[in-house]
Protein chains: 2
Amino acid sequence: MDTGTVREILDAARVQGRAALTAPEGKRICDAYGIPTPREGLATTAGEAVRLAGEIGGPVACKIVSPDIPHKTEAGGVVVGVQGETAVREAFEAIIAAARAYDPSATITGVQVQQMLGGGREVIVGATTDPTFGKVVAFGLGGVLVEVLKDVTFRLAPVGTDEARSMVDGIRAAEVLRGVRGGEAVDTGALAEVIRAVSRLVTDFPEIREFDLNPVFATAGGACAADVRILLETGEVREPVRPPREEILRVMNRLMNPRSIAVIGASDTEGKIGNSVLKNLVNGGYAGEIHPVNPKAEEVLGRKAYPSVGDIPGEVDVAVFAVPAKLVPAALTECGEKGVPAAVLIPSGFAETGNQALQDEIVGIGRRYGIRLLGPNIYGYYYTPQNLCATFCTPYGVRGGVALTSQSGGIGMAVLGFSRTTKMGVSAIVGLGNKSDVDEDDLLTFFEQDDNTRCVAMHLEDLKDGRAFVEAAQRMTKKKPVVVLKAGRTALGARAAGSHTGALAGDDKVYDDILRQAGVVRAPGLNEMLEYARSLPLLPAPRGENVVIITGAGGSGVLLSDACVDNGLSLMDIPPDLDETFRRFIPPFGAAGNPIDITGGEPPSTYEATIRLGLEDPRIHALILGYWHTIVTPPMVFAELTARVVEEARAKGIDKPVVASLAGDTEVEKACEYLFEHRVIAYPYTTERPVAVLGAKYRWARAAGLL
Amino acid sequence: MDTGTVREILDAARVQGRAALTAPEGKRICDAYGIPTPREGLATTAGEAVRLAGEIGGPVACKIVSPDIPHKTEAGGVVVGVQGETAVREAFEAIIAAARAYDPSATITGVQVQQMLGGGREVIVGATTDPTFGKVVAFGLGGVLVEVLKDVTFRLAPVGTDEARSMVDGIRAAEVLRGVRGGEAVDTGALAEVIRAVSRLVTDFPEIREFDLNPVFATAGGACAADVRILLETGEVREPVRPPREEILRVMNRLMNPRSIAVIGASDTEGKIGNSVLKNLVNGGYAGEIHPVNPKAEEVLGRKAYPSVGDIPGEVDVAVFAVPAKLVPAALTECGEKGVPAAVLIPSGFAETGNQALQDEIVGIGRRYGIRLLGPNIYGYYYTPQNLCATFCTPYGVRGGVALTSQSGGIGMAVLGFSRTTKMGVSAIVGLGNKSDVDEDDLLTFFEQDDNTRCVAMHLEDLKDGRAFVEAAQRMTKKKPVVVLKAGRTALGARAAGSHTGALAGDDKVYDDILRQAGVVRAPGLNEMLEYARSLPLLPAPRGENVVIITGAGGSGVLLSDACVDNGLSLMDIPPDLDETFRRFIPPFGAAGNPIDITGGEPPSTYEATIRLGLEDPRIHALILGYWHTIVTPPMVFAELTARVVEEARAKGIDKPVVASLAGDTEVEKACEYLFEHRVIAYPYTTERPVAVLGAKYRWARAAGLL
């Protein structure tokens, strides 16, 4: 890569205050980064034109080059499809003659002789500067149909060769590039190389705001960009501020594992937030120091109160704010003087109500004193390993492996209610609200190294710094799943997001592709996010793609198969010997294959034998069970035998994901609860949900590189 | 339409035992049905060729016509792109000369002079004979991209002009036909006309098995089929047997409202099906006569038993079979002799276990005696208006407006459990099993005129007679929604269906389009089918497309908006005067517009005022409520005020669909139950489900022509 040439061109354009580069500049930049463009040259004589055409090979286009002739075609200055010595010579002479006739006083530089492209497939490679993610590279098929069908894919730049290849393979119409119905397969490697180079270029030169190669002609022999368009950022290019990881962790650790908490605005008055927060800290069982701060009281709820945070003896790790917005700046300054590292800002009345100035003020105070701010405009946060409930809601007691975060308070309340009703094991619930400072990537950085957390589920409407999020998520995903519910997915949804937080919701396709690049499991809706959060930490990671359905109800088997396809799961092709073994356990009219239909009237022993075989055969990697309520095998009998067989296998070191759909009368509900308690994901009255959960686990396992 | 010409061509082909028509025959058939094909003519002299080319206009193709020259191009017999008198004359002479040189002994009929097509868009119009639906017409864009992206749509033939237009508008890339990025809009009316004609043709002549116009060139000036391919059915074309509607109704009425039921195989032995069925009939509260049939008992469960159905005094409307499969034929024959009109065949051991012969035997007996058969291989059926539980499950007591049917027993059990746990109001639950006789269209015919049923939900894996189903569904849909869960949607799913019932699951795209054509609301999964069934009868029909979201949680508002787009709902553009009125009730920093964000800390009066306004303003047609659990407006307070305001509006004659998403702690669950009881569809911990239900109601309302 010849970065010197690019720097020179960009600097020259900047000096001239230009926001766009010319075509020749674009070509030089492409050359500098090894992006193929049409071969061409300038001929000043007919002989030179003939020589150039010979070097280029194939048909060429000849075009007048003159600073005085802007509209070449009008001046008779363009001849295309020229091939052979005579034809090239004639074209050269005709063009010069036409140009002279058109404007006798024009300075004629010569005739450009250019390789003509065509054939193969037209594709688009581009890069843009996304407000959320920064430099983003794009790939799609050219042509009007694909513009209509919006078949395009994005990645965070820069991309390596594998990621670039995943873009070429990732569009819906990828089959076209691999050659269909007699069409020739194109050189996808060459295309990936162009994508990689473009992504590198815009990363090396952030002032390139937009970059378009449209079209690129892709053929069996390579790829060549027929047209290049480059737009520049004329203003200042600012990089977001990113504290170093150690610094993030140092403060986040004090926030989540504090030894001492101050409640600013603690109150004895029932119904006040400062009353709820203090009570919840105490009743939740938090074992550290709790200091009420209230200038008007000696004591609050029987604890000594201090007039200011500065009066508290010893260090304070967290200050929870329960005072009106207008009182926050002064109290926050006192926290700064005291050296409090983290402030939890429950109050609303900041940017979300239009008071951006007040929010800017507290952000400034936070920066000045090095206080990290959670919120404002939040319900607070829970961290169950510390029995910590710094919220105005109610304590939550079921400890477990999932950390949940929400940008919206309402969604936070739904998280709490769902957790309670499903007895979901939770490590943390955190409100992010206006995200004036602490955001998702800070939390991911903490949860990544938090042994109490095995999975993170996040509701978000926007990302302050998409790139930092992707980096944090990519690190986390290697170890633990990250589930994301991105609200404002659709145009209408984004409009609502705009009115809610002032956040500019990005185009969903960009979010979708880049969240996938980050290894995130995206939940299509709130309920799915909650169900994935509940179930993913309970399921072991699958070790391979072979999924087997064992069902007592043929009808469930069909629906479970549908759900497998919907969720990108592979129904294993059962090898003959395994099929034979399964057949030994099921009636002759039952269907082996996959789904394995053990038929409806079977006793517990049939379920037991087939499930055991499914667990013990090492070629099978995950089981989906379809239970049919009968008098012969009642729901709790099925639940108990399944849990027992699964636990026996675990005792032998076999831990495969097992999910179940229970079709039956209301007794199946209790059976599902029992199975959940034994780490078998089971749902009544649905064939879709257990498979969707398994699909989410597989998406994570693939992203984590486990498969 | 010149049906005489078509009949003549088809008869000639049949006589010759041909399965395909020639291109000239295809062209004559197109002409007969007004399908435009290229203008052409046969020239025997150069002069004639020139005259023809002049008449046709534009460039023409010239092709040798000779019975002895099958490969025209090889013989130098084709010249394309010919324009102008001299060129046509030269082409004619060159072709004749080349043909003579190629085969001096060949008979030369002349030279075909044909209009050359091109420009515009290439599309495909076709028709095929689907095993489920019979004649089906298809439309899609031509070209490799669309073949890859499978952008094609189907309808049951014949279609009228509106339906044909809906096909042209219904493909994903329809925008291309309307003209994009400088491309010219094509004459979609002419395309629709071609589709209509093709659908008419294959309907008039069922022996046309497949019909392809590929490509059709669509331009601003019209549509012209460049190539036609017609394949014929050489075997016998059989029409399915369809009893007249009155006959179906007569028997179905006796099945659902019987005065007398015989239980064949009634037993005193606990655990036997014949014991369960008899007990359930008695315990369910069925008020008609119940006659046990058992040759080995004087009495069963204290009731007089008869050795055979023939011994029962008086008429018997329904015979429920609870005997092993092998005993069915004899007992069914006795029912025939007795004149029983309907047999409910619970036993398994027929086609589903491979015993097709036994199933054919009972179907034969049914036909011979005019007995309609439900099953075999079913759990039985419920009809709550008669307190009728003729199943081996348990009675179900919550009467209501929804009738549910399932092809699979396991799914039937899930229907029962879900119904019980949600207290769903049910009119009927019917098992269809092997569908040896009675199928979905018989049931639809009954439910259409059954005042106890307001909505039908059907689980099905295949349709025996897709066309009869569509006709019954179209009649029903005008009055009441039909929800369908079609299992075996996917390739993998269809494979499972094949192994389950021997049913040939059709291609899902055909099912999807034709079920929509039938006005059916398709449920994407089991749980959705059950939720739609539960909710649709409770919601009033919307009177227009203007949906408004009123939310206390901005975060829910964003997710509810996303869900509106996903479900094809239109968020109303709130007019300024209405916006002004809403603003009067909400805090200044709340967002009017749509969603209307009343903000989180508001008292009950704000919810009440805004909901009342939403109900009373006639420009708003449906409300989606987002509730956020707060101490100021607790869940039950929200539920009660909402139910009250909705009921006040109903008392004034305003009945709009209202759905709600409740975000909060577990108390929201009780609030949702309360709202359901007051016909407000409400769910906790999900923003998607209430909107999906409203979307389903809208899909029905549109199909019923109410909007």
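Residues numbered from 1 in each chain as written. Chains lettered and ligands numbered in written order. Predicted model: local features only at pLDDT ≥ 70, side-chain atom pairs only at ≥ 80, totals over all residues. Heavy atoms only, no water.

Participant: I keep staring at the packing of helix α1 (residues 3-15) of chain B against helix α2 (residues 23-32) of chain B and nothing clicks. Help me out?
Facilitator: Each pair of packed helices can be summarised by the angle the axes make with each other and by the distance between the axes. All names here are of chain B. As a packed pair, α1 and α2 sit with axes 9 Å apart at the nearest point and diverge in direction by 155 degrees. Comparing their axes, α2 and α1 come out roughly antiparallel. Considering the relative orientation of α1 and α2, their crossing is left-handed. On α2, the residues touching Thr5, Val6, Glu8, Ile9 and Leu10 of α1 are Glu25, Arg28, Ile29 and Ala32. (Axes fitted to C-alpha atoms, helices over the stretch in contact; angles between N-to-C directions. Helix = DSSP H or I, 4+ residues; strand = E, 2+ residues; numbered from the N terminus. Parallel < 35°, antiparallel > 145°, perpendicular 65-115°, else oblique. Left-handed = near helix turned anticlockwise from the far one by under 90°. Contact = heavy atoms within 4.5 Å.)

Participant: It is not clear to me how the sheet that holds strand β1 (residues 40-43) of chain A should be interpreted in this structure. Could you clarify?
Facilitator: Across a sheet, strands are paired by hydrogen bonds formed along the backbone, either parallel or antiparallel in direction. All names here are of chain A. On the basis of which strands lie adjacent, the open sheet formed by 4 strands has the order β1-β4-β2-β3 and antiparallel pairing. With partners counted over all chains shown, the strands left at the sheet margins are β1 and β3 (78-82), one partner each. Pairs of neighbouring strands in the sheet enclose a mean axial angle of 20 degrees, with direction left out of account. Pairing of β1 with strand β4 (residues 110-115), which is carried by 4 bridges, proceeds in the antiparallel orientation. (Pairing = 2+ DSSP bridges.)

Participant: Explain the sheet that holds strand β2 (residues 60-65) of chain B to me, please; I cannot follow it from the model alone.
Facilitator: Residues and elements named next belong to chain B. With antiparallel pairing, 4 strands are arranged side by side in an open sheet as β1-β4-β2-β3. A single partner strand is all that each edge strand has here, and the edge strands are β1 (40-43) and β3 (78-82). Adjacent strand axes in the sheet meet at a mean angle of 20 degrees when their direction is disregarded. Across 6 bridges, β2 lies against strand β4 (residues 110-115) in antiparallel orientation. The residue bridging isoleucine 64 from the neighbouring strand is valine 111, located in β4. Strands β1, β2, β3 and β4 of the sheet are contacted by helix α4 (residues 85-102), whose axis makes an angle of about 25 degrees with β2.

Participant: Help me understand the interface of chain A and chain B, please; the structure alone is not making it clear to me.
Facilitator: Note: interface size is frequently given as the accessible area lost on complex formation between the parts. With 81 residues of chain A at the interface, the matching set in chain B holds 81 residues. Across the chain A/chain B interface, buried area totals approximately 6100 Å², and carbon plus sulfur atoms make up 64% of it. On the chain A side of the contact with chain B, A:Leu145, A:Val558 and A:Tyr685 bury the most area, a combined 10% of that side's loss. If you look at where chain A meets chain B, you find 2 salt bridges. The partner of A:Asp665 in a salt bridge is B:Arg420, and the shortest N-O contact between them spans 2.8 Å. Counting every contact that joins chain A to chain B gives 18 residue pairs in polar contact (both at pLDDT 80 or more). For the side of chain A that touches chain B, the per-class residue count stands at 34 nonpolar, 27 polar and 20 charged. (Buried area = accessible area lost by both parts, 1.4 Å probe. Salt bridge = Lys/Arg side-chain N within 4 Å of Asp/Glu carboxyl O. Polar contact = N/O pair within 3.5 Å; in protein donor to acceptor, adjacent residues only side chain to side chain. Nonpolar A, V, L, I, M, F, W, Y, C, P; charged D, E, K, R; others polar.)

Participant: Mind showing me how you'd approach the environment of B:Val645 here?
Facilitator: Residue and element names in this part refer to chain B. Residue position: valine 645 is located in helix α22 (residues 635-651). On the accessibility criterion, valine 645 (2% relative accessible area) is buried. It is 9.0 Å that separates the C-alpha atoms of valine 645 and alanine 609, two residues lying 36 residues apart in sequence. Once you skip the residues sitting within four places of it in the chain, valine 645 turns out to touch Glu608, Ile611, Arg612 and Leu615. (Buried < 20%, exposed > 50% of the residue type's maximum accessible area, 1.4 Å probe, protein only.)

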